[in-house]
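Residue-level structure breakdown
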Amino acid sequence: MTNETDSLAEALTRQLQSHIERGNKPEASDIYLQLRGLSDNRPGLWKMLGHTGLELGYIDEALDFLSRAVDREPADHATCFRYCQALARSGRHETAIELCTRLMNHHPDAAELHVNLANSLRMTGRTGDAVYHSRRALVLQPDYPAASIQLAISLQTQGSFDEAISVLESALEKHQNHPMLHFRLANLLVIQEKFNKALDAYRAAISSRPGFIQAWYRMAGVQLQLGHLDESLSSYRQVRLLQPDMEDAAAGEAGILMMQGHREAALGCIQPFIDNGTENVSIIVQFAELMQQYDRIDAALA
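Residues numbered from 1 in each chain as written. Predicted model: local features only at pLDDT ≥ 70, side-chain atom pairs only at ≥ 80, totals over all residues. Heavy atoms only, no water.

As a further point, take the environment of V222. Within the element layout of this structure, V222 appears in helix α13 (residues 213–225). V222 gets classed as buried once you look at its relative accessible area, which sits at 4%. Taking the C-alpha atoms as reference, V222 lies 29 Å from Q292; in sequence the two are 70 residues apart. Look past the residues within four positions of V222 in its chain and what remains in contact with it is V190, F195, L199 and Y202. (Helix = DSSP H or I, 4+ residues; strand = E, 2+ residues; numbered from the N terminus. Buried < 20%, exposed > 50% of the residue type's maximum accessible area, 1.4 Å probe, protein only. Contact = heavy atoms within 4.5 Å.)

This is the structure we're talking about:
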């Protein structure tokens with residue numbers, strides 16, 4: 001039975017990595033949860049589940065697996081770095097800063113460590129220090145997209161939008177198919193109201209990662225702002241296909257349908273959320289407006 005279970009774990013691990021590479025988050029999440037159930041007596045899975053948990057948003061699980069992996073192999077510095085990242089993702093920035101600083105005494109030239117430290121410093125309001133460590137990471141490892149992204153975010157926080165855009169565009173010269181570089185660039189272009197360029201960047205992010213939910217969602221908003229209703233509607237529907245329970249996407253789709261006069265379809269988008277007691281203000285307002293319209297129609301027919 002043990003050999004059969006080991007074979008199953010190996011097969012699931014391969015499937016998990018394949019789905020992640022293709023951006024199939026729902027399928028990857030299902031497999032991740034299966035592997036989690038097989039992990040207790042398999043320390044070899046802990047690092048992978050910790051790293052993958054971060055990518056899939058299972059932060060508590062990632063913390064647990066990485067903590068166990070670090071306890072088992074304290075000299076595995078790559079896993080220690082991931083543990084810092086998990087601490088930051090869970091909002092434990094001061095703990096992450098403390099751990100990163102301690103590790104940096106032994107690994108001052110570890111670019112990834114500087115990036116992790118920069119993130120937590122930025123999140124605790126120490127933006128200048130975050131910029132310093134992001135730049136340091138790029139000095140140590142110039143071809144490092146995560147460092148470019150962290151530097152761009154820190155510069156954006158300082159209000160240095162042009163420099164942040166320049167950092168991302170420079171990184172994209174070497175990493176044309178990096179979805180997060182395109183996504184961060186698109187967000188900055190939206191801030192500068194360069195909407196058509198932003199759409200191109202969102203499309204590039206989606207081309208590299210078809211299941212990139214946030215890119216689809218942000219693109220839908222820009223398309224709506226430009227008055228491209230059919231394109232925006234299509235994008236919101238793609239978001240809902242990827243994440244059916246995303247209320248903001250349902251509200252976006254319903255809003256466009258209401259503008260186009262499709263009341264029944266709009267109501268169909270939001271009714272399940274109303275039935276489940278949603279607290280989403282947009283959906284509640286849309287529902288009230290639709291009910292008011294129905295009341296007026298009923299009164300006219302009477």
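Read on, since the account is not over.
We now examine the side chain of S29. Here S29 is to be found in helix α2 (residues 25–36). For S29, a relative accessible area of 10% translates into the label buried. Beyond its immediate chain neighbours, meaning those up to four positions away, S29 contacts L56 and Y58.

In this section: the layout of surface pockets. Reported here for the largest pocket is a volume of approximately 1,600 Å³. Looking at the largest pocket, it is lined by 40 residues, and the ones nearest its centre are E55, Q85, R89, M180 and R209. Of all elements in the fold, only α1 (2–22), α2, α3 (46–56), α5 (77–89), α7 (111–123), α9 (145–158), α11 (179–191) and α13 reach the threshold of two or more residues within the lining of the largest pocket. Among the elements that line the lining of the largest pocket, the one with the most residues is α7, at six residues. A class-by-class count of the residues in the lining of the largest pocket yields 18 nonpolar, 14 polar and eight charged. (1 Å grid on protein atoms, 1.4 Å probe; cavity = no way out; pocket = protein on both sides within 12 Å on 5 of 7 lines; lining within 4 Å. Points joined across faces, edges and corners; volume = space filled by probe spheres on them. Nonpolar A, V, L, I, M, F, W, Y, C, P; charged D, E, K, R; others polar.)

As a further point, take the nonpolar core. Of all hydrophobic cores here, the largest spans 57 residues; its most connected members are L168, Y202 and A215. When neighbours within four sequence positions are excluded, Y202 is seen to be in contact with F183, A186, N187, V190, A215, R218, M219 and V222. Of all hydrophobic cores here, the second largest spans 25 residues; its members include F81, A86, A88 and A96. (Core = buried A, V, L, I, M, F, W, Y, C linked by side-chain atoms within 4.5 Å.)

So, on to helix α6 (residues 93–106). Relative to the 20 Å expected for 14 residues at 1.5 Å per residue, α6 spans 20 Å between its end C-alpha atoms, a close match to the ideal helical length. Those residues of α6 that sit buried are H93, A96, I97, L99, C100, L103 and M104. Against α5, α7 and α8 (127–140) lie the buried residues of α6. (Expected span 1.5 Å × (residues − 1).)

All told, the structure shown has four aromatic pairs when counted by the stated rule. The interplanar angle of 5° and the centroid separation of 5.0 Å between the aromatic rings of Y32 and Y58 together place this pair among those described as stacked. With Y32 in helix α2 and Y58 in the loop between α3 and α4 (59–72), this residue pair connects regions lying 26 residues apart in the sequence. Taking the centre distance of 6.0 Å and the plane angle of 65° together, the rings of Y217 and Y236 count as edge-to-face. Of this pair, Y217 sits in helix α13 while Y236 sits in helix α14 (residues 229–242), and the two are 19 residues apart along the sequence. (Phe/Tyr/Trp six-rings, centres within 6.5 Å; stacked < 30°, edge-to-face > 60°.)

Not every positive phi belongs to a glycine, and E193 is a case in point at roughly 60°. Structurally, E193 can be placed in the loop between α11 and α12 (195–208). Looking at E193, the relative accessible area reads 60%, which means it is exposed.

Between the first and last C-alpha of α14 there are 20 Å, a value that for 14 residues agrees with the 20 Å anticipated at 1.5 Å per step. Within α14, burial applies to S232, L233, S235, Y236, V239 and R240. What you see down the axis of α14 is that its buried residues fit within an arc of 165°, all on one side. Residues D230 and L241 are exposed on α14 and point more than 90 degrees away from its buried face. For α14, the secondary structure elements touched by its buried residues are α13, α15 (247–259) and α16 (263–275). (Arc of directions from axis to C-beta.)

Here H133 shows up in helix α8. Looking at H133, the relative accessible area reads 12%, which means it is buried. Among residues more than four places away in sequence, those in contact with H133 are M104, H114, L117, A118 and L121.

The next thing to look at is the packing of α11 against α13. Helices that pack against each other are described as a pair by the angle of their axes relative to one another and the distance between those axes. The N-to-C vectors of α11 and α13 enclose an angle of 20°; their axes lie 11 Å apart at closest approach. Classified by the angle between their axes, α11 and α13 sit roughly parallel to one another. Crossing hand, α11 versus α13: left-handed. In this structure, α11 uses F183, N187 and V190 to contact α13, whose residues at the interface are Q214, A215, R218 and V222. (Axes fitted to C-alpha atoms, helices over the stretch in contact; angles between N-to-C directions. Parallel < 35°, antiparallel > 145°, perpendicular 65-115°, else oblique. Left-handed = near helix turned anticlockwise from the far one by under 90°.)

The contact between α14 and α15 brings their axes to 9 Å, and the two run at 150°. Put simply, α14 runs roughly antiparallel to α15. The way α14 lies across α15 gives a crossing that is left-handed. Contacts between α14 and α15 pair L229, S232, L233, Y236, R237, V239 and R240 from the former with A249, A250, G252, E253, I256, L257 and M259 from the latter. Residues that form the contact of α14 with α15 fall into these classes: nine nonpolar, two polar and three charged.

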